[in-house]
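Per-entry structural report
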Amino acid sequence: DHASGGALVCIADAAAFHSAFATRPQSRGGFQPCTRSSDQGYMTALLRGTHVRDQRFREAFREFTQHTSNDRWPSEHPDESARGRPKDGAFLLSRTGYRVQCSAKLLGLAPVASWANVGTKHEAAMACAWAVQGSVVFVKSENGPVHIVTKYQNKLHVHIVNIGDDV
């Protein structure tokens, strides 16, 4: 409930992420979905060892999801390491409440269904829920409701969460 704008958060066992996503690109002829940092690892490093209940995590997540005109950290941001970096990508969190990877591009996931009148973030949420075993995926557009996407009995399930205006 701390996203001030659009967000995609996937929660699963760390091993499930490692099983679903290759750590390195496959050699020619082979392919497995993989993740890539959209911000050169800035958010992942910033939140290393920080639990989701920690105020620092909540503040960083809220700031990350805050819309800017160019979807990048402001050039006058107090943390010089953030300046100009993209504010884009998914947060992959372990069930223990620590980040696995932040600001992650989810590459190579096969589309498993179509979701009318939503953007790529919602499509990625469905593909992530399908690919990452036992995951729960939260997705929110800039001004829309929070959706929870899960895979159960080999079917995708989407639920709308009504948390309030400040999600």
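As shown above, the structure is provided for reference.
Small disclaimer: the values here were computed from a predicted structure and weren't measured.

Residue Gln40 is not a glycine yet carries a positive backbone phi of 60 degrees. Considering the arrangement of structural elements, one finds Gln40 in the loop between β2 (34-37) and α2 (42-46). Residue Gln40 is classed as exposed on the basis of its relative accessible area of 59%. You will see that Gln153, though not glycine, has its phi angle at about 50 degrees, which is positive. Residue position: Gln153 is located in the loop between β6 (146-152) and β7 (155-161).

In terms of strand pairing, β2 meets strand β4 (residues 99-107) through four bridges, oriented antiparallel. When the sheet's bridge partners are listed, Cys34 is paired in β4 with Leu107. Bridge analysis of strand β3 (residues 90-94) against β4 gives three bridges, and the strand direction is antiparallel. Its bridge partner lying in β4, Leu92 is registered against Gln101.

Rules used in this analysis
Residues numbered from 1 in each chain as written. Predicted model: local features only at pLDDT ≥ 70, side-chain atom pairs only at ≥ 80, totals over all residues. Heavy atoms only, no water. Helix = DSSP H or I, 4+ residues; strand = E, 2+ residues; numbered from the N terminus. Buried < 20%, exposed > 50% of the residue type's maximum accessible area, 1.4 Å probe, protein only. Pairing = 2+ DSSP bridges.

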